[in-house]
Amino acid sequence: MKTVTTFPRKVVEHPHLGIVMPDGCSLSARVWLPEDAEADPVPVILEHLPYRKRDGTTARDSLTHPYLAGHGYACIRVDMRGNGDSEGLMADEYTEQELQDACDVIAWAASQPWCNGNVGMMGISWGGFNALQVAARQPPALKAIITLCSTDDRYADDIHYKGGLLLNENMGWGATMLSYSSRPPDPALVGDRWRAMWLDRLENEPFLSAIWLRHQTRDAYWKRGSVCEDFSAVRAATLAVGGWGDAYKNAVSRLASGIRNAPAKGIVGPWIHKYPHFAVPAPAIGFLQEALRWWDRWLKDIDTGVDTDPAIRLYMMDSVPPRDWYEERPGRWIAEQTWPSPSLDKRSFRAGVELHPQARLPAAISSPQDTGLSGGEYCAIWLGPELPGDQREDDAKSFCLDAKITEDTEIVGTPVVTLRLCADRPAAMVAVRLCDVHPDGASTRMTYGVLNLTHRNGHEFPEPVVPGEEMTVALKLDDIAYRIPAGHTLRVAVSSAYWPLVWPSPEPVTLTLHDVTLALPIREPANNPEWAFEEPEAASPWRIETLRKSSNSRTIERDPDTSAVSLVIHDDFGETRDLDHGLIHGEVARERWTIRPDDPLSAHGETHWTQTYARGDWSVRTETFTTMTSTAETFRLTARIEAYEGDKLVFERDFDKTIPRNLV
């Protein structure tokens, strides 16, 4: 990545600008803008997050916002209410208060003498979510957004539920937020109020995992903020960006095709959950130059050609051996002028014809509960070994159907697997993986999908399975652009468990599989790139001193006495000192997911996060813990917060929630 230090306009920075909301709550913003903006007003780009501008997102903020400001924009990075150095309290994600605060910040920014009246919103993950939701509210000054690694559907396509099944990331990310929100504001910015603000937050911190778990169907809680409920409400020009290694890849095509009352385009690269100018796996792209093309067109009315860009640009990944981490994915960029594309053909693969099952159908499937250990993280984000590894062990615990590939085949879009099956229990699940099996037998997961069979007729009103009754279900797998070479094998792997990605069914289940059909969206193979992005550029990196290096590990432990299998994750994010203001921050996360292969009710998840902050004589630390277990009828979630000044415990709080299972 090229570091740019000289820009068309000189940039000034305000590290702690208070923006007062109508109710008197002051939100802290870090602002970069051209020095001469009052004489020559500029558009605003807003990023509205709970992740702390002082230390949480500083690394990416330093690369991004000064670059955009130097090209004639005022970049405002706001700590959401109740987070970082802002006042107030946070109750949940994407609340009415959060979205109204964003609208009020937009109105405030548009009225400033250094603003030309036009505002854009940009963000990844949480900031991408609220950019979409704020756009649907149509604040007058908001003309365009860039939403990255986000979704239009809060129920079916976030970290809570997938296919009507409970994702373990519901507890995992809830535990992350419990740790993140336990952190104090910086005394260097808020003064002596820091302690009172901190204790107030700790006393009122929500137990998000439990809040989300109380909504196990697609009810009004999830519909609010899901812009797929009414794409017509989005009137801001929308650029949606995702990555094949990320959890939110599916939303890009839906946004590119669903938004009709505003220009909408999509980009999906090979990346995990990161901004594309520094994302991995490589190749990264000149995302900031691409963003400037978008902002210049919709906020400055400059013809940059984005109007005629393809509807969607996708990175076609070449086949590679399975690994849990890639520094680079070979492939090329393809472009489709319209989406859905008329150039895609549907090719059907049928059991017993193109797909050769490993045994005669009908076949019984009763997967061990630890099937799925090679599945990687639901949302790869921490730069550790989080991607799906070799699938052979999971394939051995699944029912597989294979098709020999006789010519290079390019899959682009959403594969659909139709299953005719029955189950022997009233609550059951099915998982389907689409794998690229190499000539040496190594198995690479290309894409996958899961379905709670009680949600076979929809996610709003689940219905118990009638044991033994035949069902036909169409299971959409995650979107993909992947080239399978001739001589490889296409594998459909079907299992009745997928741990630790999703929480297991309450009883061991046997599925009886009668028939399988795979519908693949196929694109005519081509060898030449159809699009070329500029090489990545960014502003100067964050100036830090590394006091402890980061490290990441994932190990599998097996207890020979109990047969329990545990996935143990350790993410040490290291410790750094900010060379500008001296704040020292360290962070460690630990997770353990345990199950016995014969007992779904043995499922157990636990996390432990540590946060440390120091400067001079001031030091604080928080320890947060969560656990999750279940019976056949209920889930149980527990959590604990401990807060320390130096070595003195100054706050402790426990949570213990029992929540009924609703056919999950």
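Overview of the structure. Predicted model, so just to flag it, every value in this text is computed and none were measured.

**Digging into the sheet that holds strand S21 (residues 443-452)**
Then, in step 1: The antiparallel open sheet is built from 5 strands, whose spatial order is S15-S17-S24-S20-S21. Looking at which strands have only one partner, the edges of the open sheet turn out to be strand S15 (356-357) and S21.
Then, in step 2: Sheet topology note: the S15/strand S17 (residues 399-404) ladder contains 2 bridges and is antiparallel. Of the residues in S17, the one forming a bridge with His356 is Asp402.

**Re the pairing of S21**
Then, in step 1: By the criterion of burial, S21 is predominantly enclosed, with 10 of the 10 residues buried.
Then, in step 2: Pairing of strand S20 (residues 429-437) with S21, which is carried by 9 bridges, proceeds in the antiparallel orientation. Paired with Val437 across the bridge in S21 is Ser443.
Then, in step 3: In this structure, the hairpin formed by S20 and S21 is closed by a connection of 5 residues, where Gly441 is found at a positive phi of approximately 95 degrees.

**Describing the pattern of salt bridges**
Then, in step 1: Evaluation of the coordinates by the stated rule reveals 61 salt bridges.
Then, in step 2: Arg218 is the partner of Asp153 in a salt bridge, and the nearest nitrogen-oxygen pair spans 3.1 Å. Of this pair, Asp153 sits in the loop between strand S7 (142-148) and strand S8 (161-162) while Arg218 sits in the loop between helix H7 (208-213) and helix H8 (220-223), placing them 65 residues apart in sequence. Like Arg218, Asp153 is buried.
Then, in step 3: Two residues, Arg313 and Glu290, come together in a salt bridge whose shortest N-O distance is 2.9 Å. Taken as a pair, Arg313 in strand S12 (residues 312-318) and Glu290 in helix H10 (residues 287-300) lie far apart in primary sequence, 23 residues in all. Of the two residues examined, Arg313 and Glu290, each falls in the buried class.
Then, in step 4: When salt bridges with common partners are traced through the structure, they connect Glu290, Arg293, Asp309 and Arg313 into a single cluster.

**Digging into the packing of helix H1 (residues 58-70) against H10**
Then, in step 1: Look at H1 against H10: their axes get within 11 Å of each other, and the N-to-C directions meet at 40 degrees. Classified by the interaxial angle, the pair formed by H1 and H10 is oblique. The hand of the H1/H10 crossing is right-handed. Here Leu63, Thr64, Tyr67 and Leu68 of H1 come into contact with H10, specifically with Leu288, Gln289, Leu292 and Trp295.

**Some thoughts on the pairing of strand S18 (residues 409-413)**
Then, in step 1: S18 sits mainly inside the fold: 5 of its 5 residues count as buried.
Then, in step 2: The pairing of S18 with strand S23 (residues 480-484) spans 5 bridges and is classified as antiparallel. Across the sheet, Glu410 pairs through a bridge with Arg483, a residue of S23.
Then, in step 3: Looking at chain direction, S18 and strand S25 (residues 511-523) are connected through 2 bridges and run antiparallel. Bridge assignment links Ile411 to a residue of S25, and that residue is Ile522.

**Points about the side chain of Thr489**
Then, in step 1: Structurally, the position occupied by Thr489 is in strand S24 (residues 489-495).
Then, in step 2: Using a relative accessible area of 12% as the deciding quantity, one classes Thr489 as buried.
Then, in step 3: A distance of 3.4 Å separates a polar atom in the side chain of Thr489 from a polar atom in the side chain of Lys404.
Then, in step 4: With residues near it in sequence (within four places) discarded, Thr489 still touches Asp402, Ala403, Lys404, Cys435, Asp436 and Val437.

About the cut-offs
Residues numbered from 1 in each chain as written. Predicted model: local features only at pLDDT ≥ 70, side-chain atom pairs only at ≥ 80, totals over all residues. Heavy atoms only, no water. Pairing = 2+ DSSP bridges. Helix = DSSP H or I, 4+ residues; strand = E, 2+ residues; numbered from the N terminus. Buried < 20%, exposed > 50% of the residue type's maximum accessible area, 1.4 Å probe, protein only. Salt bridge = Lys/Arg side-chain N within 4 Å of Asp/Glu carboxyl O. Axes fitted to C-alpha atoms, helices over the stretch in contact; angles between N-to-C directions. Parallel < 35°, antiparallel > 145°, perpendicular 65-115°, else oblique. Left-handed = near helix turned anticlockwise from the far one by under 90°. Contact = heavy atoms within 4.5 Å. Polar contact = N/O pair within 3.5 Å; in protein donor to acceptor, adjacent residues only side chain to side chain.

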